[in-house]
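Each chain, written out:
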Amino acid sequence: MVPRQHCPPLNDTGLSILHFHTLDARPPETMDAADGFQKRYSNIDELAADAKPLLTAQAHGYYSSGSDNEWTLRENSEALSRYRLLPRMCIDVSVVDTSTVLLGQKLSAPILFAPMAQQRLCHPLGELAMARAAAAAGLPYVLSTMATSSIQEVAEAVQLPDHSSSSSSTSSSSQGAAPSRLSPASAAAGTDPCLWFQVYVMKRRDVTEWMVREVHRLGFKALVVTVDAPRLGHREVDDRNKFSLPPHLSLKNLEALTKAAGGTGDVQSSGSKFGKHFSDLFDQAVCWDTIAWLKSIAPLPLLIKGVLAPDDARRAVELGVDGIILSNHGGRQLNYAPAAVDMLPACAAAVQGRVPLLVDGGISRGTDVLKCLALGASAVLVGRPLLWALTLGGQKGVEEAIGMLKSELELSMALLGTCRLPPNPISNPAGVVAYGGRLPPARRLIVSGLTATAVALGGNFLGVTSTLLALDGGKLAASTNLDVLVPVNGSRRCLDTGNGFTFLYPAKWLADQTLYRRYAERIEREAALDPPSLRRERARRQGVPEPAAAFGPAGSTGEENISVVVAPIRPGFSLQKMGAPEEAAARFLRETVAPEGSGRTAQLLGAGSRRDASGELYYQQEFTVQSKRFSRRNLSVLAARNGLLYTLNCQSSTERWASNEAAFRKAAASFAILNSGAATADFPDAL
Ligand SMILES: Cc1cc2nc3c(=O)[nH]c(=O)nc-3n(C[C@H](O)[C@H](O)[C@H](O)COP(=O)(O)O)c2cc1C
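The name recorded for the protein in an unreviewed UniProt entry is FMN hydroxy acid dehydrogenase domain-containing protein, from Chlorella vulgaris. UniProt lists a comment for the protein under the heading Cofactor (unreviewed entry), and it reads "FMN". Per UniProt, the comment on the protein under Sequence similarities (unreviewed entry) is "Belongs to the FMN-dependent alpha-hydroxy acid dehydrogenase family."

Undergrad: Please clarify how the overall build of the protein should be interpreted in this entry.
TA: The secondary structure content of the protein amounts to 25 helices and 23 strands. Every one of the 687 residues in the protein was classed for burial, and the buried ones make up 57%. Surface exposure of the protein reaches about 27100 Å², of which carbon and sulfur atoms provide 54%.

Undergrad: Please explain the site of the ligand as it appears in this structure.
TA: What surrounds the ligand is a group of 23 residues, the closest being P115, S144, T226, D360 and G362. One of the backbone N or O atoms of P115 is found 2.7 Å from an oxygen atom in the ligand. In this structure, G362 approaches the ligand through a main-chain N or O atom, which is 2.9 Å from an oxygen atom. Here the ligand loses 97% of its free accessible area of 600 Å² to cover by the protein chains. In terms of residue class, the shell around the ligand is made up of 10 nonpolar, 9 polar and 4 charged.

Undergrad: It is not clear to me how the packing of helix α6 (residues 57-64) against helix α20 (residues 384-416) should be interpreted in this structure. Could you clarify?
TA: The packing of two helices is summarised by the inter-axis angle and the distance between the axes. Contact geometry for α6 and α20: axes closest at 10 Å, N-to-C directions at 155 degrees. With respect to α20, the element α6 is oriented roughly antiparallel. Packed against α6, whose contacting residues are H60, Y63 and S64, the element α20 presents R384, L387 and W388 at the interface.

Undergrad: What should I look at first to understand the packing of aromatic side chains in this one?
TA: For any two aromatic rings, the description comes down to two numbers: the centre-to-centre distance and the angle of the planes. Taken as a whole, this structure holds 16 aromatic pairs when the rule is applied. Note on Y62 and Y63: the rings are 6.0 Å apart at their centroids and 45 degrees apart in plane angle, and the pair reads as tilted. Here Y62 and Y63 have matching classes, each one buried. Measuring from ring centre to ring centre gives 3.6 Å for Y505 and F551, while their planes differ by 20 degrees; the resulting arrangement is stacked. Linking Y505 in strand β15 (residues 501-506) with F551 in strand β17 (residues 547-552), this pair joins segments that are 46 residues apart in sequence. Each member of the pair, Y505 together with F551, is buried. In this structure an aromatic cluster arises from ring pairing among F501, F503, Y505, F551, Y618, Y646 and F671. Sitting over the face of the ring of W293, R205 holds its NZ or CZ atom 4.9 Å from the ring centroid. Directly above the ring of Y62 sits R332, whose terminal nitrogen or CZ lies 4.9 Å from the centroid.

Conventions and cut-offs
- Residues numbered from 1 in each chain as written.
- Predicted model: local features only at pLDDT ≥ 70, side-chain atom pairs only at ≥ 80, totals over all residues.
- Heavy atoms only, no water.
- UniProt positions renumbered as here; feature names shortened; annotations may be inferred.
- Helix = DSSP H or I, 4+ residues; strand = E, 2+ residues; numbered from the N terminus.
- Buried < 20%, exposed > 50% of the residue type's maximum accessible area, 1.4 Å probe, protein only.
- Areas by Shrake-Rupley, 256 points an atom, 1.4 Å probe, with all protein chains shown as cover.
- Near = heavy atom within 4 Å.
- Polar contact = N/O pair within 3.5 Å; in protein donor to acceptor, adjacent residues only side chain to side chain.
- Nonpolar A, V, L, I, M, F, W, Y, C, P; charged D, E, K, R; others polar.
- Axes fitted to C-alpha atoms, helices over the stretch in contact; angles between N-to-C directions.
- Parallel < 35°, antiparallel > 145°, perpendicular 65-115°, else oblique.
- Contact = heavy atoms within 4.5 Å.
- Phe/Tyr/Trp six-rings, centres within 6.5 Å; stacked < 30°, edge-to-face > 60°.
- Lys NZ or Arg CZ within 6 Å of the ring centre and 35° of its normal.

Written out as structure tokens, the structure reads:
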């Protein structure tokens, strides 16, 4: 047993106050039995309805609500439902393993318990039951600063060894009676109990430091600093319900704070008092320096929670954080913030695999977990469904709920054709996730997610790349997240699920702006918001095949670029019909690149072919093109399918070739057409 600090002895005081927060008259033992829990429910979404009548309106409102009109709260689930999973067949899935490794810790599944305040509102053992369930499931439990159980109580509940006692000469371990490192439950799960602590930075930095030291002493494995709550979001439901913490409960970790601050330690969270308390104690001036400071004092891995913008993610990595949790706080802070899942690809691109990305918000299905992993997450956090499970069945209920989620994950992996989860994100989201559905109007110019990778950028096949490539220094692409990319060894992935192709290009290159604007126009046109005259003018442009994607270095004239053109071809066309690769290339140069009278001359340097894993044929050709105005070298890859010819073209002036060659060869080797490729809707019937 570890020595207590600042905490009253753990007892069952919660039992006597059950009526304050739940309406259930059953004794807690009955509640904890969770008999037939898995038989009663088909999925964990169903728990919410049954939990509601067991809770007071105040407690239910506090748990379930979001801020303002709750748009972001709803969006969290809706965003997840807009992604599609593309299953692969004929893969041996007789053994499926959901386990993964996160920050050196083995987890039975890529799922964490989200930090949530005041868990004794729904069950007398609150955080203790939740933490034990997490340990039993072999998953990390993230304890909130705003918990109704203290750090020490939770550490004891899962039997974490005390670091300080193991080095003390009077400790039991030094006398050969070290406490078991595994609680029986977590031993059954085959993992160490894993506790993390979520920290809000206090105005009194010494108190923050105390908490950090305390969780380290007690064997917590990581710290999560939440940065999306400089002030509390406006929870209208809580206002209406005049939400307050029942008098027998308190925010245990703030008792120390309020004592240190000379207060009573009796923290009430009613209506505006709660907000005032929050702003009195919590530092609203948290900025990047604060994160650097926290990192400097944290003897544990530090994750930052509440980031959504790619630039913030990049900044956090530069400051040395060990992980990022993309989150909008379950829709409880800034309303109209996007769903975190939609920001995953852009943040993954910004972070470049340097630290793990985690995500939360609306996750309740095994397929939700898979979608997040495929979009670049290493793991997910689950929030409210676990509170409903705790309400209904205590520790056992939470264990069962997590069991259901893990079973769903395991089944979905098998159906998807994935047997194992790598510690890093699934490396080829192109093959796994497709963006489905129409972008809602409010998101048109945010266009995050995979659709954004389809946005095309400067340049065309003959090298008349838009000189607008970097006119604004790429700010538009960055601010609208149009450079949505998946990092692969210093390259970013362009993934166009609409046209159905993907390739890697240098991470620092920018997206072309002209094509972005046309893409935005096309979305507008499809939404039929334009007056008819404008629509006609835009429709006229449809007949001209233009690059579906193009990238180039910032500040260049556009001559240096990697672009893809998707053009319609006659039905029945195949690459083989153009002859062997050399023959096809010669014809291509003769008829397209440098036809007679064009003023251009072309020289073929090499030609070849390859097939990808799915048997798709690609022709590759390398050549130079000269005219009075320029001397260029090109590397092109062609593929044909579904009445479309896909051409990737890498081009630079002959002088700049040597510095671009490696990137070009990587782009050419990575170029692939995807099964998700669309039909020819944007193109004329035939050339
Ligand atoms: C009742 C409740 C209390 C929460 N308290 C905290 C908290 O103390 N600290 C924190 O970082 N996030 C807190 N969150 C946000 C969660 O950690 C998480 O981001 C969110 O609940 C995930 O969304 P989900 O509930 O849809 O799964 C809270 C969420 C809820 C619902």
